[in-house]
Amino acid sequence: MYAFDYHRPTTARQAAGLLGKDEDVRLLAGGQSLLPMMKLRLVQAGDLVDLNAVDELRGIARSPRSLTIGAMTRHAEVADSPDVAEAIPALAAMASTIGDPAVRAMGTLGGSIANNDPAADYPSACLALGATIVTNKRKIEADDFFKGLFETALEPGELVVKVSFPVPAKAGYAKFRHPASRFALVGVFVAKRSADIRVAVTGAGANGVFRWLEAEEALKARFIVKSLDGLVASTDGLNSDIHADAEYRAHLIAVMAKRAVQQATA
Amino acid sequence: MVAVNMTVNGKPASAELDPRTLLVQFLRDHLRLTGTHVGCDTSQCGACVVHMDGHAVKSCTVLAATCSGSQVTTIEGLANAAGLHPMQEAFRENHGLQCGFCTPGMIMTAVDLVHRKGFALDETTIREELEGNLCRCTGYHNIVKAIAAGAQAMAAEGPAQQVAE
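The rules behind these values
- Residues numbered from 1 in each chain as written.
- Chains lettered and ligands numbered in written order.
- Predicted model: local features only at pLDDT ≥ 70, side-chain atom pairs only at ≥ 80, totals over all residues.
- Heavy atoms only, no water.
- Helix = DSSP H or I, 4+ residues; strand = E, 2+ residues; numbered from the N terminus.
- Rg over C-alpha atoms; globule rule 2.2 N^0.38 Å.
- Buried < 20%, exposed > 50% of the residue type's maximum accessible area, 1.4 Å probe, protein only.
- Areas by Shrake-Rupley, 256 points an atom, 1.4 Å probe, with all protein chains shown as cover.
- UniProt positions renumbered as here; feature names shortened; annotations may be inferred.
- Pairing = 2+ DSSP bridges.
- Axes fitted to C-alpha atoms, helices over the stretch in contact; angles between N-to-C directions.
- Contact = heavy atoms within 4.5 Å.
- Expected span 1.5 Å × (residues − 1).
- Domains from an automatic or database assignment.
- Buried area = accessible area lost by both parts, 1.4 Å probe.
- Salt bridge = Lys/Arg side-chain N within 4 Å of Asp/Glu carboxyl O.
- Polar contact = N/O pair within 3.5 Å; in protein donor to acceptor, adjacent residues only side chain to side chain.
- Parallel < 35°, antiparallel > 145°, perpendicular 65-115°, else oblique.
- Left-handed = near helix turned anticlockwise from the far one by under 90°.
- Nonpolar A, V, L, I, M, F, W, Y, C, P; charged D, E, K, R; others polar.

Per an unreviewed UniProt entry, chain B goes by the name Carbon monoxide dehydrogenase and belongs to Chelatococcus reniformis.

Per an unreviewed UniProt entry, chain A is named Carbon monoxide dehydrogenase, and its organism is Chelatococcus reniformis.

### Focus: the overall build of chain B
For chain B, the count of helices and strands is five helices and five strands. Each helix (α) and strand (β) of chain B, taken in turn from the N terminus, gives the series β-β-α-β-β-β-α-α-α-α. In terms of overall size, chain B behaves like a compact globule, its C-alpha atoms giving a radius of gyration of 15 Å where 165 residues would be expected to give roughly 15 Å. Oriented by its inertia axes, the alpha-carbon framework of chain B measures out at about 45 × 35 × 25 Å. Across the 165 residues that make up chain B, the buried fraction comes to 52%. Here chain B has roughly 7,200 Å² of accessible surface; of this, 51% comes from carbon and sulfur atoms.

### Overview of the UniProt feature "domain: FAD-binding PCMH-type" (unreviewed entry) in chain A
Annotation from UniProt places "domain: FAD-binding PCMH-type" (unreviewed entry) at residues 1-170 of chain A. Structurally, residues 1-170 of chain A comprises 34% helix and 23% strand, and the distance from its first C-alpha atom to its last is 44 Å.

### Considerations on the sheet that holds strand β2 (residues 25-28) of chain A
Remark on secondary structure: sheet strands pair via backbone hydrogen bonds, oriented parallel or antiparallel. All names here are of chain A. Strand order in the open sheet made by the three strands is β1-β3-β2, with parallel pairing throughout. The open sheet has two free edges, formed respectively by β1 (5-7) and β2, since each of these has just one partner strand. Across the sheet, the mean angle from the axis of one strand to that of its neighbour is 25 degrees, orientation sign disregarded. One ladder, built from four bridges, connects β2 with strand β3 (residues 47-50); its direction is parallel. Across the sheet, Leu28 pairs through a bridge with Asp50, a residue of β3. Of the strands in this sheet, β1, β2 and β3 touch helix α1 (residues 12-19), which is tilted by about 150 degrees from β2.

### Quick look at helix α3 (residues 103-117) of chain B
All names here are of chain B. Along its 15 residues, α3 runs 20 Å from first to last C-alpha, staying within 8% of the 21 Å computed at 1.5 Å per residue. Across the 15 residues of α3, 12 count as buried, placing the element largely inside the fold. Taken together, the buried positions of α3 are Thr103, Pro104, Gly105, Met106, Ile107, Met108, Thr109, Ala110, Val111, Asp112, Leu113 and Val114. Elements that come into contact with the buried residues of α3 comprise β3 (49-52), β4 (55-58), β5 (71-73), α2 (86-93), α4 (123-129) and α5 (141-157). Gly118 lies just past α3 and shows a positive phi near 95 degrees.

### Comments concerning the domain arrangement of chain A
All names here are of chain A. If you check the domain split of chain A, you get domain 1 (5-49 + 58-166) and domain 2 (170-265). Taken together, the contact between domain 1 and domain 2 spans 23 residues of the former and 22 residues of the latter. Across the domain 1 to domain 2 interface the summed buried area is about 1,800 Å²; carbon plus sulfur atoms make up 61%. Considering only the surface of domain 1 that becomes buried against domain 2, Ser124, Leu127 and Ala128 emerge as the three largest contributors, covering 26% of it. Between the two partners, domain 1 and domain 2, sit three salt bridges. Between domain 1 and domain 2 we count 10 residue pairs in polar contact (both at pLDDT 80 or more) in total. Every element with two or more residues in the side of domain 1 that touches domain 2 is listed here: α5 (89-95), α8 (122-129) and β8 (146-148). Of all the elements, α8 adds the most residues to the side of domain 1 that touches domain 2, at six residues.

### Considering the packing of α2 of chain B against α3 of chain B
Geometrically, a packed helix pair is captured by the angle between its two axes and the distance between the axes. Residue and element names in this part refer to chain B. Two numbers describe how α2 lies on α3: the axes approach to 10 Å, and their chain directions differ by 125 degrees. With respect to each other, α2 and α3 are oriented oblique. The hand of the α2/α3 crossing is right-handed. Of α3, the residues touching α2 (which contributes Met87, Gln88 and Phe91) are Thr103, Met106, Ile107, Ala110, Val111 and Val114. Each residue belonging to the contact of α2 with α3 can be placed in one class, and the counts come to seven nonpolar, two polar and no charged.

### Structural notes on the pairing of β4 of chain B
All names here are of chain B. Relative to β4, β3 is paired through four bridges, and the arrangement is antiparallel. Opposite Val50, over in β4, you have Val57 as the bridge partner. With antiparallel pairing between neighbouring strands as the criterion, β3 and β4 make up a hairpin whose turn holds two residues, including Asp53 at a positive phi of roughly 50 degrees.

### Regarding the pattern of salt bridges
Enumeration according to the criterion identifies 22 salt bridges over all chains in this entry. One salt-bridge network, in which partners are shared between bridges, spans Asp143, Arg193, Asp196, Arg198, Arg211 and Glu216 of chain A.

### A short note on the side chain of Asp121 of chain A
Relative to the helices and strands, Asp121 of chain A is located in the loop between α7 (109-115) and α8. Ignoring any residue separated from it by four or fewer positions in sequence, one finds Asp121 of chain A in contact with Met94, Thr97, Ile98, Tyr173 and Lys175 of chain A.

Structure, rendered in structure tokens:
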């Protein structure tokens, strides 16, 4: 790791103050992606602002229509939360498949979406569920938040405070894991909220998470697995690498989408 | 430098550290608690698993400074004067190790698993929960047996064994 100055605020306001507008300042959430990248010297931070003592950024709140999760809430807390299991069981199930148990004990929702790894699970959940990302400055719709590989709409000085998920009528998530890294080669999150049906794909896109609009249209006729029969995802814009070429990923998108709908309608 | 204060195996531990110091480096190099191992150093292998405030974490991927104010338990903190922790004893009884390099992390993961999921653990659950712990010797069969037996033994010992957490 390159050297950095360490800061440990206890409030979100202090954290935002320390973050300032300097791009050389980085926020440390659970650290399960950032620390490995810093160890490899792929990321350099002049100042590191550790959010682990900011208790107000943690917690899960449920209202009849939405579920709000603090940015520093750990994956394990989301996976084990009775409120999440009741309101959006697909989200709890998804959180329980991130990394491994020790990674889930540290990794956070805010860290995952701010990093926007193209194979991360949470971006697909945010996009499919139509989540609203609440920062210290504004509210950002998930559709406007994820901007590409490791790119988000967050501006200098802006930090994720919480994410609000509207409670869907039905939702499901299916992923095909890379056998060694266990990251999603392809993951598909589907959600139905009255007439609004969204299908979000992670792991496959060369530009990160995206919505599969043709599948959304097909599911609007009837929200059942059969509606996706014969539908093939386009290979345009899909990743091709040693793990899977674009054709294979396109095939997996259709298979995972069906499995996700099956879960949602089970 | 940053002032770091935490409790390790029930004892206070303080130091002025380079902020880059990882928890595992603090434990091994500063406190000389070398039972916690560094295998991959990329948070994949699980040889470095310790408990932080009662949760299993990979100490190669946590800054020591982040643990300020935390309770940390390492493999050295499991046994007491009366002898090995039941999970350690179960690994010995069931031949749950060969070279032993992964064993501290396996045992810390196993104890955390029992705390989270209870004493009656089926094989599928144990194998799934070992996702983040790699063993290159055993093929896992005896580790899985050891964890099931260790969980039963922890049930027999009752809550006293969890005091260290």
